[in-house]
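Coordinate inspection notes
Now for the letters of each chain:
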Amino acid sequence: MNEIVPIVPSHAVSINDSVSAEEAADDYEFLIRQLVRTRVVKASQISDCPKFDLVLLELGNDGHVASLFPNHPALNEREEWVTFITDSPIPPPERITFTLPVINSASNVAVVAEGENKAHAVLLAVDEIGPDCLSIPARMVQPANGKLVWFLDRLAATNLEVSDLKN
Ligand SMILES: O=C1O[C@H](COP(=O)(O)O)[C@@H](O)[C@H](O)[C@H]1O
């Protein structure tokens, strides 16, 4: 990866997996805050958040993105940049994740979905098909001052209408 995108090693922040999820989230947020303080990462002008150039997300079968799962309280986190969960519905149970305010502060957000098993989640995320839509985390990805792009293969896009693809 470093050969394709010239990332300075000190700009790559790893998760500390030798501590609890709560501590790992605190540590990770601390490191990101240092990068913002030293202007390695831009600060958002409209929120108390980093403004990443790109947040790259993969869509889960259940519509989750990052480790933000449907109906999980982590979706409501507005203060922390990084939060933790210990009850992920899919393994591993303990995870840390950027929160929605951070994701939605990015300059660009890309959501990737590949394969037929993502087709229903894609439909729920981008179309208006009833109350189930409301709990889909991918639907809550709405950059405030940035660009959102979906990358779908043909199978993941199976359930969409042509009009969805134009929007
Ligand atoms: O929970 C996760 O899910 C996503 C999507 O995984 P998939 O197997 O449904 O394609 C994955 O990108 C992520 O690494 C994982 O933590």
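Residues numbered from 1 in each chain as written. Predicted model: local features only at pLDDT ≥ 70, side-chain atom pairs only at ≥ 80, totals over all residues. Heavy atoms only, no water.

1. Topic: the overall build of the protein
- Along its length, the protein carries 4 helices and 7 strands.
- Tracing the protein from N to C terminus, the helices and strands come up as α-β-β-β-β-β-α-β-α-β-α.
- Seen through its C-alpha atoms, the protein measures out along the principal axes to roughly 45 × 35 × 35 Å.
- Relative to its full complement of 167 residues, the protein shows a buried share of 41%.
- Across the protein, the fraction of contacts at a sequence separation of at least 24, relative to all contacts at a separation of at least 6, is 64%.
- When the accessible surface of the protein is split by element, carbon and sulfur atoms take 53% of a total near 10,100 Å².
- Charged side chains in the protein number 12 positive and 24 negative. The centres of these two groups are separated by 10 Å. (Helix = DSSP H or I, 4+ residues; strand = E, 2+ residues; numbered from the N terminus. Buried < 20%, exposed > 50% of the residue type's maximum accessible area, 1.4 Å probe, protein only. Contact = heavy atoms within 4.5 Å. Areas by Shrake-Rupley, 256 points an atom, 1.4 Å probe, with all protein chains shown as cover. Lys, Arg positive; Asp, Glu negative; His and termini not counted. Charge placed at Lys NZ, Arg CZ, Asp CG, Glu CD.)

2. Thoughts on the UniProt feature "domain: Glucosamine/galactosamine-6-phosphate isomerase" (unreviewed entry) in the protein
- Per the UniProt annotation, the sites labelled "domain: Glucosamine/galactosamine-6-phosphate isomerase" (unreviewed entry) are residues 5–150.
- Secondary structure over residues 5–150 splits into 20% helix and 18% strand, and the C-alpha atoms at its two ends are 21 Å apart. (UniProt positions renumbered as here; feature names shortened; annotations may be inferred.)

3. Some details on the layout of surface pockets
- Of the voids in this model, the largest pocket is the one considered here, and its volume is about 1,000 Å³.
- As for the largest pocket, its lining consists of 29 residues, of which His-11, Tyr-28, Phe-52, Leu-54 and Phe-98 are closest to the centre.
- If you list the elements that add at least two residues to the lining of the largest pocket, you get helix 1 (21–37), strand 3 (55–58) and strand 5 (95–98).
- Looking at side-chain class alone, the lining of the largest pocket contains 23 nonpolar, 3 polar and 3 charged residues. (1 Å grid on protein atoms, 1.4 Å probe; cavity = no way out; pocket = protein on both sides within 12 Å on 5 of 7 lines; lining within 4 Å. Points joined across faces, edges and corners; volume = space filled by probe spheres on them. Nonpolar A, V, L, I, M, F, W, Y, C, P; charged D, E, K, R; others polar.)

4. A closer look at a negative patch on the surface
- Where like charges cluster on the molecular surface, the negative patch consists of Glu-22, Glu-23, Asp-26, Asp-27, Asp-48, Glu-79 and Glu-80.
- Note on placement: Glu-79 falls in the loop between strand 3 and strand 4 (82–85). (Patch = residues over 30% accessible without salt bridge, like charges linked within 9 Å, V, L, I, M, F, W, Y side chains within 5 Å. Salt bridge = Lys/Arg side-chain N within 4 Å of Asp/Glu carboxyl O.)

5. Let's talk about the site of the ligand
- All residues in the neighbourhood of the ligand are listed as Glu-58, Leu-59, Asn-61, His-64, Ile-90, Arg-95 and Lys-118.
- Residue Glu-58 places a side-chain N or O atom 2.4 Å away from an oxygen atom belonging to the ligand.
- At 2.7 Å, a side-chain N or O of Lys-118 approaches an oxygen atom of the ligand.
- When isolated, the ligand has an accessible area of 390 Å², and the protein chains bury 54% of it.
- Partitioned by chemical class, the residues of the shell around the ligand number 2 nonpolar, 2 polar and 3 charged. (Near = heavy atom within 4 Å. Polar contact = N/O pair within 3.5 Å; in protein donor to acceptor, adjacent residues only side chain to side chain.)

6. Concerning the packing of aromatic side chains
- Following the criterion strictly, the structure yields 2 aromatic pairs and no others.
- With centroids separated by 5.9 Å and ring planes inclined at 70°, the aromatic side chains of Tyr-28 and Phe-98 adopt a geometry described as edge-to-face. Here Tyr-28, found in helix 1, pairs with Phe-98, found in strand 5; they are 70 residues apart in sequence, far enough to count as distant.
- Relative accessible area serves as the criterion here: at 14%, Tyr-28 is assigned to the buried category.
- Residue classification places Phe-98 among the partly exposed residues on the basis of a relative accessible area of 23%.
- Among the aromatic residues, those joined into a ring-pair cluster are Tyr-28, Phe-52 and Phe-98. (Phe/Tyr/Trp six-rings, centres within 6.5 Å; stacked < 30°, edge-to-face > 60°.)

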